[in-house]
Amino acid sequence: MNIGILTGGGDCPGLNAVVRAVVRKAEKYHGDTVIGFRNGWQGVIEDDSEPLTIEKMRGTLPRGGTVLGTSRIQPFAVEGGVEKSKETLAHHKIDALIVIGGDGTLSVAVDFQNETGFNVVGVPKTIDNDISGTDMTFGFMTAVQTATDAIDRLHTTAESHDRIMVVEVMGRNSGHIAVWAGIAGGATLTLIPEEPFDIEKICSALKARHATNRFASIVVVAEGARPIDGTMESIQSETDEFGHVQLGGIGERVAKEVETRTGLTCRSISLSYIQRGGTPSAFDRVLCTSFGVEAVDAVHEKDFGKMMSYQKGKVTRVKLEKSKSSPVGEDLINVAKTFFLPGMN
Ligand code: F6P
């Protein structure tokens with residue numbers, strides 16, 4: 001068979017590990033040819049591709065980023081994009097396309113499959129862990145570890161100076177990274193998109209904590225966290241050329257508000273792309289490898305229109321659908337709340 005593969009959307013640790021596993025399984029066990037399309041769907045639209053071999057993928061398992069490149073360009077947003085993509089796939093005699101991406105890239109895969117009838121298989125990626133149909137996306141655990149390591153370091157400097165440290169982590173619609181890193185890093189407070197916050201409550205909780213001589217507080221803020229309407233000025237976010245809202249800045253805003261309202265010294269740091277870069281964790285390498293192998297199995301079983309999924313510790317397949325919201329589970333929020341200051345949520 002001829003299998004096409006692409007990586008789309010924001011990058012994330014483990015993309016190369018999936019591609020490597022696909023190539024390994026497809027070439028070694030089935031004698032397939034794997035064609036990698038460059039820069040996500042753009043490579044399909046513009047016929048920009050390269051054959052991928054086991055030899056070519058050597059050494060890429062621990063490498064962050066994606067050797068294929070990525071973008072948010074997609075066929076439905078480009079004039080004649082769908083037709084051009086069909087031509088490219090026909091030209092390379094591609095039997096099935098493995099699409100590795102987040103909600104944007106995968107929902108294009110759903111539309112493309114519905115519009116053209118092309119055989120598509122999806123692999124869910126995003127450090128935000130906010131794709132429905134899977135307990136976990138790859139890249140998430142690596143991002144959580146990176147954020148936790150950073151929080152550990154911030155604890156010591158915060159303690160030395162008796163400061164409040166506000167740490168902004170990624171998480172546009174869901175606070176998975178914030179809650180996991182908040183619990184793992186022993187944060188004082190964690191603010192997530194799922195629960196709009198009251199800045200006054202945050203300030204009085206922090207004031208009470210510091211009044212009892214407990215030094216240093218870590219406040220973890222997901223980039224998508226927002227204040228309850230009317231309690232604090234909101235951040236005005238810009239939108240990029242793909243209609244993707246560019247978040248960031250809420251941590252700094254919270255730090256300023258807390259400092260002004262409480263008189264306590266506050267510093268903020270945004271972990272930003274540091275969470276997305278670098279080598280995948282051991283867990284993510286195993287998850288990515290399993291997803292890649294499973295995706296090739298799906299192709300050979302002609303089980304198209306499926307997304308690889310991690311459920312209850314196992315890799316399985318679910319229907320490839322547009323992602324619905326995937327908030328942090330109530331159980332974990334309750335665990336986190338046990339450690340938050342009383343009266344917070
Ligand atoms: O991949 C998801 C994500 O990391 C979000 O958490 C973040 O808001 C966004 O990507 C940033 O993407 P970009 O690469 O467009 O700045």
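Going by the structure above, here's the rest.
What counts and how
Residues numbered from 1 in each chain as written. Predicted model: local features only at pLDDT ≥ 70, side-chain atom pairs only at ≥ 80, totals over all residues. Heavy atoms only, no water. Near = heavy atom within 4 Å. Polar contact = N/O pair within 3.5 Å; in protein donor to acceptor, adjacent residues only side chain to side chain. Areas by Shrake-Rupley, 256 points an atom, 1.4 Å probe, with all protein chains shown as cover. 1 Å grid on protein atoms, 1.4 Å probe; cavity = no way out; pocket = protein on both sides within 12 Å on 5 of 7 lines; lining within 4 Å. Sits in = over half its atoms within 2 Å of the grid points. Nonpolar A, V, L, I, M, F, W, Y, C, P; charged D, E, K, R; others polar. Salt bridge = Lys/Arg side-chain N within 4 Å of Asp/Glu carboxyl O. Buried < 20%, exposed > 50% of the residue type's maximum accessible area, 1.4 Å probe, protein only. Phe/Tyr/Trp six-rings, centres within 6.5 Å; stacked < 30°, edge-to-face > 60°. Helix = DSSP H or I, 4+ residues; strand = E, 2+ residues; numbered from the N terminus. Expected span 1.5 Å × (residues − 1). Contact = heavy atoms within 4.5 Å. Core = buried A, V, L, I, M, F, W, Y, C linked by side-chain atoms within 4.5 Å. Domains from an automatic or database assignment. Arc of directions from axis to C-beta. Points joined across faces, edges and corners; volume = space filled by probe spheres on them. Pairing = 2+ DSSP bridges. Axes fitted to C-alpha atoms, helices over the stretch in contact; angles between N-to-C directions.

## Quick look at the site of the ligand
Residues in close proximity to the ligand include Arg72, Thr126, Asp128, Met170, Gly171, Arg172, Glu223, His244, Tyr273 and Arg276, which together make up its full environment. Within the contact set of the ligand, an oxygen atom lies 2.8 Å away from a side-chain nitrogen or oxygen of Asp128. Contacts to the ligand include Arg276, whose side-chain N or O atom sits 2.9 Å from an oxygen atom. When isolated, the ligand has an accessible area of 400 Å², and the protein chains bury 86% of it. Given that more than half its atoms are within 2 Å of the pocket grid, the ligand belongs to the largest pocket. Broken down by class, the residue content of the shell around the ligand amounts to 2 nonpolar, 3 polar and 5 charged.

## Brief notes about the pattern of salt bridges
Enumeration according to the criterion identifies 17 salt bridges in this entry. A salt bridge links Arg58 to Glu55; its shortest N-O distance comes to 3.1 Å. Assessed through its relative accessible area of 53%, Glu55 is described here as exposed. Measuring nitrogen to oxygen at the nearest pair gives 2.9 Å for the salt bridge that ties Arg317 to Glu294.

## A look at the packing of aromatic side chains
By convention here, two paired aromatic rings are described through the distance between centres and the angle between planes. Across all of its chains, the model carries 4 aromatic pairs by this definition. Measuring from ring centre to ring centre gives 5.2 Å for Trp41 and Phe112, while their planes differ by 50 degrees; the resulting arrangement is tilted. Separated by 71 residues along the polypeptide, Trp41 in helix α2 (residues 41-45) and Phe112 in helix α5 (residues 103-116) bring together distant segments of the chain. Each member of the pair, Trp41 together with Phe112, is buried. Pairing Phe283 with Tyr310 gives two aromatic rings, centres 5.8 Å apart and planes at 85 degrees, and the pair type is edge-to-face. Separated by 27 residues along the polypeptide, Phe283 in helix α10 (residues 282-300) and Tyr310 in strand β12 (residues 306-311) bring together distant segments of the chain.

## What to know about helix α6 (residues 140-161)
Compared with the 32 Å implied by 1.5 Å per residue over 22 residues, the 31 Å span of α6 between its first and last C-alpha is a close match. Taken as a whole, α6 has its buried residues at Phe140, Met141, Thr142, Ala143, Val144, Ala147, Thr148, Ala150, Ile151, Leu154 and Ala158. Where the residues of α6 are buried, they touch β6 (164-169), α7 (176-184), β8 (217-222), β11 (266-270) and α10. Downstream of α6 by one or two residues, Asp162 has phi in the positive range, about 50 degrees.

## Remarks on the nonpolar core
As a rule of thumb, nonpolar side chains are buried together in soluble globular proteins. Ranked by internal contacts, the top residues of the largest apolar core, which has 60 residues, are Ile5, Ile98, Ile100, Val123, Phe138 and Ile218. When residues of this core are assigned to their parent elements, the largest contribution, 9 residues, is made by α6. Composition of this core by domain shows at least three residues from each of domain 1 (2-138 + 280-311) and domain 2 (142-276 + 329-339). If you look at the next biggest cluster of nonpolar residues, it comprises 21 residues, including Phe37, Val108, Phe112 and Val120.

## Concerning helix α4 (residues 81-91)
All of the buried residues along α4 are Gly81, Val82, Ser85, Thr88 and Leu89. Along α4, the residues classed as buried sweep out an arc of 120 degrees about the axis, all on the same side. For α4, the exposed residues lying more than 90 degrees away from the buried face are Glu87, Ala90 and His91. Where the residues of α4 are buried, they touch β2 (33-37), α2, β4 (96-101) and α5.

## A word on the environment of Val19
Turning to its location among the elements, Val19 is positioned in helix α1 (residues 15-30). Overall, Val19 belongs to the buried group, its relative accessible area being 0%. Between the C-alpha atoms of Val19 and Gly36, which are 17 residues apart in sequence, the distance is 8.7 Å. Each residue touching Val19, except ones within four places of it in the same chain, is listed here: Ile5, Thr7, Leu52, Met57, Leu68 and Ile100.

## So, the layout of surface pockets
Size it by volume and the largest pocket reaches roughly 990 Å³. Considering the residues around the largest pocket, the lining is formed by 47 residues, among which Gly10, Arg72, Arg172, His244 and Arg276 are closest to the centre. Every element with two or more residues in the lining of the largest pocket is listed here: α5, β6, β10 (245-246), α9 (250-262) and β11. When residues of the lining of the largest pocket are assigned to their parent elements, the largest contribution, 5 residues, is made by α5. For the lining of the largest pocket, the class distribution of residues is 15 nonpolar, 20 polar and 12 charged. Looking at the lining of the largest pocket, you find at least three residues from each of domain 1 (2-138 + 280-311) and domain 2 (142-276 + 329-339).

## A short note on the sheet that holds β12
Strand order across the open sheet formed by 7 strands is β3-β2-β1-β4-β5-β12-β13, with mixed pairing between neighbours. Each edge of the open sheet carries a strand with a single partner, namely β3 (49-52) and β13 (314-319). Shown here is a sheet whose adjacent strand axes are inclined to one another by a mean of 30 degrees, direction ignored. The pairing of strand β5 (residues 120-124) with β12 spans 2 bridges and is classified as parallel. Bridged to Gly122 within β12 is Met307.

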